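Notes for the structure review
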Amino acid sequence: MLKKNIIKGKCVDISSEGKGVIKTVYGVVFVDSLLLGEEAEIEITYAGKGVSYGVIKRLISKSTDRIQPKCPISTACGGCVFQNASYEYELRYKKHKIEEDLKRIGHLDNVIVEDVIGMDNPEHYRNKIQVPFGKENKRVVYGFYKAKTHKIIPVKQCNIEDTKSGPILKNIALLMEKFHIDPYNEDYRTGIIRHVLIRTSLSTNEVMVVLVSNVDTFPGRNNFIKELVTLSPEISTIIFNVNKRDTNVILGESEKTLYGKGYITDEILGLKFNISSKSFFQVNPIQVQKLYGEAIRLADLKKDDVLLDAYAGVATIGLLCAPHVKKVTSVELVKSAVINAHNNAKLNNIQNIEIIEADCTEYINKKLPHFDVVIMDPPRKGSTPEFLNAIKTIKPNRLIYISCEPSTLARDLEILSDKFTIEKVQPVDMFPRSFHVETIVSLKLK
Ligand code: SAH
């Protein structure tokens, strides 16, 4: 076994979480921020049987893809594993990861993976942030939790978040000091403000601020809100959310709108979506247009098609497809998303959509209804063999699988591959600087 000391090694691969991989006689070492081909002295931070972890102590040879991170806390935060690499390197890695998983997990050897559709400027894209507040040296601080801890690393403006959020957070911290509103202290369960959630709309420029509090109200709350909207007039709505539980879940059940209409509106490919504090909504408003645009183009929809939108969320995909087909059925498990989906259908005056609250596997196996086209967009854990086998039984002409996790995508495609031909594998980078990648696969009935 490796000891907790310094070793020398060369990066020969990249792990599924974007870390550099070094091979030793004792097994592999995953190294933060080490790029392919680089040689370094590595300090072992965790020595395990076969798998160890380390950090760069001294770089011996440097990759031409290495860049100076634009974020000062990228290593400590752990959210962006590619801040120190060129964007081209990141996109190459993401394509490689999908190719590897299709081969290794899906046993699909002859599938071509297209180049990843990236962003022109892979920065400041996130339209939703949740920031913990705390206190250090008697000052209010906010930022990110240090990777795998609850210690706050202060940061003024994150490199991937909408730039509107930084100044608003600063004003909130200023007002908390002025009004003597203490941040929540997890250890003693005292204080008032736990987190601040900010959602922004790229298309309407609306901004939602959610103050997540440990108490039902606080002294001077009305004046606090008045001063906040004076300092940050770009805020459209402010919500007060109460979360008294000792939990990692950020939002509590009860909430009250203190300013504005309580939701913001965003637009995707011409359709409007109302977003409340808890609604699921894609976090990259620029790439989502490319993702859905490409998925719909590949679905090759016809006027008399009947479409299943499985794992529908707030039915974004179903609603975007509805004008092109005869009928859409959107199926989603989570009640609040289903309610949002109904509202979104009304908001856009779309009538040829049926929205069903159900588990996709149960729904499809109950009656095995016929669909001409199926678009499925499951969560990271992928779909189920029972759902996929039912799809093989109902035989849609076309199937579009949108996935945010290549390993489960590969597993599921193997199940489908005897009845469907994989026509195109098109990755889209929804989360630049992180190791996550989204993939659209278009399949045709054999
Ligand atoms: N297509 C949507 C949402 C994709 S996220 C969009 O692009 O916005 C995946 C969704 O699948 C989530 O909304 C999740 O609640 C839902 N989901 C997870 N398991 C499910 C299941 N077994 N049956 C139905 N929906 C499920």
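This text gives an overview of the structure that appears in the document. (Residues numbered from 1 in each chain as written. Predicted model: local features only at pLDDT ≥ 70, side-chain atom pairs only at ≥ 80, totals over all residues. Heavy atoms only, no water.)

Some thoughts on the sheet that holds strand β19 (residues 373-376)
To be explicit about the condition: Pairing between strands is defined by DSSP: at least two bridges between the two strands are required. A run of DSSP states H or I qualifies as a helix once it reaches four residues; a run of E qualifies as a strand once it reaches two. Both are numbered from the N-terminal end. Helix axes are fitted only over the stretch in contact, all axes being lines through C-alpha atoms; the angle between N-to-C directions runs from 0 to 180 degrees. When checking whether two residues touch, look at their non-hydrogen atoms; a contact exists if any pair is within 4.5 Å.
Spatial strand order, β18-β17-β16-β19-β20-β22-β21: seven strands in an open sheet with mixed pairing. The outermost strands of the open sheet, each flanked by one partner alone, are β18 (353-357) and β21 (420-428). Ignoring which end each strand starts from, the neighbouring axes of this sheet average 15° apart. The strands touched by helix α7 (residues 335-347) are β17 (327-332) and β18; relative to β18, the strand with the most contacts, the crossing angle is about 165°. Packed onto the sheet, helix α9 (residues 385-394) meets β16 (306-310), β19, β20 (398-403) and β21 and runs at close to 165° relative to β19.

Some points on the environment of Lys19
The line we're drawing: The rule is simple: take the accessible area with a 1.4 Å probe, protein chains only, and divide by the maximum for that residue type; under 20% is buried, over 50% is exposed, in between is partly exposed.
Relative to the assigned elements, Lys19 resides in the loop between β2 (13-14) and β3 (20-24). The exposure class assigned to Lys19 is buried, which follows from its relative accessible area of 18%. Between the C-alpha atom of Lys19 and that of Leu36, which follows or precedes it by 17 residues, the distance is 9.4 Å. Here Lys19 is in contact with Asp13, Ile14, Phe30, Val31, Asp32 and Tyr53, once residues within four sequence places are set aside.

Quick look at the packing of helix α3 (residues 165-178) against helix α4 (residues 221-231)
Applicable threshold: Helix crossings fall into two classes, left-handed where the near helix is turned counterclockwise from the far one by less than a right angle and right-handed where it is turned clockwise. Gly is put with the polar residues, along with every residue not named as nonpolar or charged; the nonpolar set is Ala, Val, Leu, Ile, Met, Phe, Trp, Tyr, Cys and Pro, and the charged set is Asp, Glu, Lys and Arg.
Between α3 and α4, the least distance of the axes is 10 Å, while the angle of their chain directions is 145°. When the axes of α3 and α4 are compared, the crossing they make is right-handed. Residue-level contacts link Asn171, Ile172, Leu175, Met176 and Lys178 of α3 to Phe224, Glu227, Leu228 and Leu231 of α4. By residue class, the composition of the contact of α3 with α4 is six nonpolar, one polar and two charged.

A look at the state of the cysteines
Test applied: Criterion for a disulfide: a pair of cysteine sulfur atoms within 2.5 Å.
This model, assessed by the stated rule, comprises zero disulfides. Cys80 provides the cysteine sulfur closest to Cys158, a residue in no disulfide bond, and the two sulfurs are 5.9 Å apart. Look at Cys158 and you get buried, because its relative accessible area is 10%. With no disulfide of its own, Cys360 lies 14 Å from the sulfur of Cys404, the closest cysteine sulfur.

Some thoughts on the pairing of strand β8 (residues 139-145)
A regular strand places its side chains so that they alternate between the two faces of the sheet. As paired elements, strand β7 (residues 128-136) and β8 share four bridges and run antiparallel to each other. Paired with Glu136 across the strands is Arg139, a residue of β8. Here β7 folds back onto β8, and the loop between the two strands holds two residues, one of which, Asn137, carries a positive phi near 50°. Of the strand pairs in this sheet, β8 and strand β9 (residues 152-154) are connected by three bridges, and their pairing is antiparallel. Across the sheet, Phe144 pairs through a bridge with Ile153, a residue of β9.

Quick notes on the site of the ligand
As a reminder of what qualifies: Whether a residue is near a molecule or strand depends on its heavy atoms: it is near if one of them lies within 4 Å of it. Throughout this description, a polar contact denotes any pair of N or O atoms lying within 3.5 Å of each other; where both atoms belong to protein, one of them has to be capable of donating a hydrogen while the other can accept it, and for residues adjacent in sequence the pair is counted only when both atoms sit in side chains. Each accessible area value is a Shrake-Rupley result obtained with a 1.4 Å probe; residue values ignore everything except the protein chains displayed when judging cover.
As a matter of local geometry, the ligand sits amid 16 residues, with Tyr292, Glu332, Asp359, Cys360 and Asp377 nearest to it. One of the side-chain nitrogen or oxygen atoms of Tyr292 is found 2.4 Å away from an oxygen atom of the ligand. Backbone polar atom of Leu333 to a nitrogen atom of the ligand: 3.2 Å apart, as the coordinates give it. For the ligand, the accessible surface in isolation is 580 Å², of which the surrounding protein chains cover 87%. In terms of residue class, the shell around the ligand is made up of 10 nonpolar, three polar and three charged.

Keep in mind these numbers describe shape, not what the thing actually does.
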